[in-house]
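The chain contents come next:
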Amino acid sequence: MTICSLGCRSAVVSEDPAATFQHIRSDFLHGNLDVAQVEADQARISFASKDAGWSMRFRLLEGEVLTYQGRRTDVLKLLDDKTVSYPEAGDAAIERDLLCGLAHAGLGQPQQSDKELHQARVLSDQSNSNLDGEVFRAEAKIQLNRNNLTSASDLYEKSLRAARTHSDAFLEASDLLNLGFVAMQREHYDQAVALLQDAANFAKSVQARQVTEAALGDTGDALYHLGDYEKALSNFQAAEKEAAEIGTTSAQVVWLWEAGSAYYKLGNLKEAKTCYEKALKSATAINAADQIADIDTQLALLLLQEGQFDSAKVRSDEAVRAAYLSGDESVEIVAKFVQALLAMHQTGGQDTERMLVEAHDSAAGTPFMRWQIEDALAKYYSGKQDTKQAESWYRRSIQTFEDKRTEVSGMDLKLPFFANGDELYRDYAGFLIASHREEEALKLLDKGRAQTLAEGLRTGKKASTLREATSPETVAGKLHAVILFYSLGPDKSYLWAVTGGHTDLFVLPKRQEIESRVQSYQRSILKSSDVLREANADGRYLYDAIVAPAASLIPDGARVFVIPDGGLNGLNFETLLKPSGEQFHYWIEDVTLTNANSIRLLSQLGSALPSTDAKNLLLIGNPVSSGSEYESLPNAPAEIDDIRKHFRADHETVLTQADAMPSAYGTTRPDRFAYIHFVAHGTASRLSPLDSAVVLSAPKAHPDDYKLYAREIVHYPLHARLVTISSCYGSGLRAYAGEELVGLSWAFLRAGAHNVIGALWEVNDASTPMLMDRLYGGLEGGREPAEALRAAKLEMMRSQGVTRKPMYWAAFQLYAGS
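Keep in mind that this is a model prediction, so the values were computed, not measured.

Attention now goes to unusual backbone geometry. A positive phi angle, close to 60°, is found at His 436, a residue other than glycine. One can find His 436 in the loop between helix 22 (422–434) and helix 23 (438–448). Non-glycine residue Ala 535 carries a positive phi angle of around 50°. Examined against the element boundaries, Ala 535 turns out to sit in the loop between helix 26 (511–526) and helix 27 (537–546).

Below is the structure:
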């Protein structure tokens with residue numbers, strides 16, 4: 001009786017009842033519900049005079065289709081027909097009781113529903129029916145509707161065990177889907193993702209597109225709440241496409257407005273509004289009050305952000321009205337929260353406090369809603385100059401968020417989660433800055449940085465090993481360096497410049513302005529432009545906007561650690577054009593730059609020397625080509641030879657050609673080496689950064705196993721002084737809020753490397769060996785990694801050939817670990 005769906009077929013009733021039944025059920029399971037209902041009705045009537053047993057089976061099948069269509073009254077009309085003789089025992093009696101019980105529950109008649117479901121349970125137990133899983137599933141649905149989540153979960157688990165016992169793949173997929181939904185209701189989003197992905201895989205294997213569609217969309221919802229808006233958007237779009245193809249309009253509406261919410265979080269308000277308006281039109285056409293409430297609420301938030309307060313109020317009022325009609329209390333809470341935000345902006349705070357407190361009380365069991373309301377209360381009290389109350393609510397909002405974050409398991413899910421709390425940290429930091437507590441604001445923002453990276457480094461160590469830095473100035477003084485800490489915001493951005501004796505705060509342009517210039521400058525570099533000779537406007541602007549304010553604190557020859565934010569992760573600061581009279585020069589000529597993830601991690605830099613031979617090298621590269629997608633690198637052998645000459649033969653472990661397999665990395669025990677170097681193609685995944693990989697040789701027995709993935713690298717602890725990834729995009733493509741760029745470089749840092757060199761873009765196979773030879777020559781001569789890399793770059797930059805252009809020397813960046 002499990003309800004799933006797929007494509008379209010024509011209505012055919014043959015003389016063979018079994019063939020007709022299978023045909024109709026196929027239409028039903030393939031999602032062609034209208035056709036299946038008509039077919040079942042025709043078959044029921046056609047076989048009424050020929051075979052009463054088959055006629056009853058068609059009647060029950062039609063009832064199943066009507067149940068999925070939400071036509072509860074029609075279900076009861078069909079299955080409670082006094083002119084029909086219904087069986088009192090057996091599977092047909094069980095199925096009738098289940099369908100009637102679900103219909104009565106949906107019509108608000110719980111006593112009759114409970115009676116029918118109890119009767120179905122008794123009949124199933126008496127006959128040891130294979131429908132026991134369906135009975136558990138129906139009972140679970142009733143408990144879920146009554147918000148008895150523990151009971152619902154237990155019953156779905158029983159149904160799942162029964163499905164597996166009876167090899168019922170459809171029921172198994174449905175139960176996994178429902179268990180995932182229950183996990184989401186409990187806000188256990190990491191658990192939900194695993195269950196829903198299993199449901200989607202099962203549904204695809206049995207071509208159950210309705211379950212596939214729901215699982216894809218619900219996975220998107222779970223990822224959205226985990227802060228992974230890009231992945232969530234991809235899932236919502238796939239689910240909306242599936243719903244459109246199988247004709248489930250109500251589901252299509254849901255995934256369309258959910259896609260709008262993902263666009264909203266990603267800052268694409270234009271696409272968000274388009275999705276919302278299309279979804280609202282469709283929801284209104286089918287009179288779906290709950291969906292109308294959700295969409296109107298999101299539209300109100302969008303209009304509020306755009307400053308269209310009157311239009312936002314109209315949508316908010318509509319949302320509250322629709323939420324009341326739908327009876328969905330959770331939607332009503334959100335709608336009223338939006339009304340409170342509008343009151344704060346429009347009426348100068350009249351009734352705002354009461355409205356926010358009431359919303360907060362109503363959201364007691366919903367942390368995701370609660371921290372947003374707590375942040376709004378903090379802003380309200382801050383506006384009223386009640387600093388004590390404001391600070392209390394800011395702290396509460398962050399604590400609520402962090403408590404929830406600790407419940408999330410798995411790197412894939414932890415990495416994006418900080419996006420949920422990013423605004424909370426920024427709002428509190430803004431409050432501290434306004435209160436002239438700039439250093440506290442810096443410590444707060446730094447506390448939010450690189451949490452997943454720090455947790456990985458803490459594994460197996462005492463908690464105090466990664467203590468919070470007591471003073472940014474102490475850290476800068478210990479490193480004899482200047483620390484530049486950036487925080488980009490929608491209205492304005494901040495730069496903290498920290499030296500051994502000062503911490504200075506500078507206000508910078510807003511995020512969008514800075515990031516658009518970064519993208520434009522990057523495009524110029526990647527076109528192989530000679531940006532220095534052209535005195536590129538973006539290169540000059542970026543230096544003036546994000547470095548020059550702190551220039552007086554950065555003497556020539558300084559060691560500088562850059563802790564970037566947002567789009568600044570994709571910028572090599574060395575390429576910025578600094579004015580020198582009427583001329584310009586690259587900033588690399590004045591300073592030695594290293595990228596870092598947080599001051600907290602910098603406080604541990606160099607505190608422990610590698611427990612390795614200081615001259616020990618693991619060199620992996622020049623693999624056997626894995627096909628046309630990854631062709632051989634002509635200059636890889638030369639790069640390997642150039643590197644080897646800087647080490648003694650008895651201090652080298654070199655794996656090339658067929659020996660350079662992914663599995664070889666782990667079997668060599670990489671924790672023994674001070675230097676690790678890869679010479680190979682690299683891949684970077686924006687949607688799933690931990691699927692970034694070094695492309696190596698495939699074993700003969702497993703020709704597709706040629707990638708060493710970032711998610712595998714993190715499981716091999718390292719003590720290396722330096723890991724160098726001489727491949728394209730080693731730095732990664734995606735910057736997570738709080739974690740910054742995540743890819744191969746991040747993975748090696750999390751594994752414990754002290755320093756990692758990775759590339760921001762595609763590297764040149766001809767010029768890279770020259771750079772690496774000079775890098776290792778500097779290291780052999782006693783230079784630190786940052787100094788050696790800078791010297792190698794300067795030599796290339798000062799040449800008269802094409803390598804003077806930053807496309808050739810600036811791809812590689814040094815990242816500091818712990």
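To continue, consider the sheet that holds strand 13 (residues 707–709). With antiparallel pairing, 3 strands are arranged side by side in an open sheet as 11-12-13. Each end of this open sheet is capped by a strand with a single partner; those strands are strand 11 (681–683) and strand 13. Across the sheet, the mean angle from the axis of one strand to that of its neighbour is 25°, orientation sign disregarded. As judged from the 3 bridges shared by strand 11 and strand 12 (residues 693–695), these two strands associate in the antiparallel manner. By the bridge assignment, Thr 683 is partnered in strand 12 with Ala 693.

Of the pairings in the sheet, the one linking strand 5 (residues 577–580) to strand 6 (residues 583–586) comprises 4 bridges and is antiparallel in character. Across the sheet, Lys 578 pairs through a bridge with His 585, a residue of strand 6. The turn linking strand 5 back onto strand 6 is made up of 2 residues, and Gly 581 within it adopts a positive phi angle of 70°.

Let us look at empty space enclosed by the protein. In this structure the tally under the stated criterion is 6 cavities of 30 Å³ or more. Lining the largest cavity are 13 residues, and of these Asn 569, Asn 597, Glu 740, Leu 741 and Tyr 815 sit closest to its centre. Counting only elements with at least two residues in the lining of the largest cavity, the list comes to strand 16 (740–742) and helix 32 (744–751). Ranked by residues supplied to the lining of the largest cavity, first place goes to helix 32 with 3 residues. Class assignment of the residues belonging to the lining of the largest cavity gives a composition of 6 nonpolar, 5 polar and 2 charged.

Topologically, Thr 768 is positioned in helix 33 (residues 768–780). Sequence-distant contacts of Thr 768, defined by excluding residues within four places in its chain, comprise Glu 639, Ser 726, Val 763 and Phe 812.

Taken as a whole and assessed by the stated rule, the structure comprises 31 aromatic pairs. Each ring, one from Tyr 665 and one from Phe 748, has its centre 6.2 Å from the other, and the planes form 80°; the classification is edge-to-face. Here Tyr 665, found in helix 30 (residues 662–667), pairs with Phe 748, found in helix 32; they are 83 residues apart in sequence, far enough to count as distant. For the pair Tyr 665 and Phe 748, a shared accessibility class is recorded, and that class is buried. Aromatic pair Phe 678 and Phe 748: ring centres 5.6 Å apart, planes at 40°, arrangement tilted. Residue Phe 678 is located in strand 10 (residues 675–679), and its partner Phe 748 is located in helix 32; the two are separated by 70 residues in the primary sequence. Put simply, the rings of Tyr 189, Phe 368, Trp 371, Phe 401, Phe 417, Phe 418 and Tyr 425 pair up and form one aromatic cluster.

What counts and what doesn't
Residues numbered from 1 in each chain as written. Predicted model: local features only at pLDDT ≥ 70, side-chain atom pairs only at ≥ 80, totals over all residues. Heavy atoms only, no water. Helix = DSSP H or I, 4+ residues; strand = E, 2+ residues; numbered from the N terminus. Pairing = 2+ DSSP bridges. Axes fitted to C-alpha atoms, helices over the stretch in contact; angles between N-to-C directions. 1 Å grid on protein atoms, 1.4 Å probe; cavity = no way out; pocket = protein on both sides within 12 Å on 5 of 7 lines; lining within 4 Å. Points joined across faces, edges and corners; volume = space filled by probe spheres on them. Nonpolar A, V, L, I, M, F, W, Y, C, P; charged D, E, K, R; others polar. Contact = heavy atoms within 4.5 Å. Phe/Tyr/Trp six-rings, centres within 6.5 Å; stacked < 30°, edge-to-face > 60°. Buried < 20%, exposed > 50% of the residue type's maximum accessible area, 1.4 Å probe, protein only.

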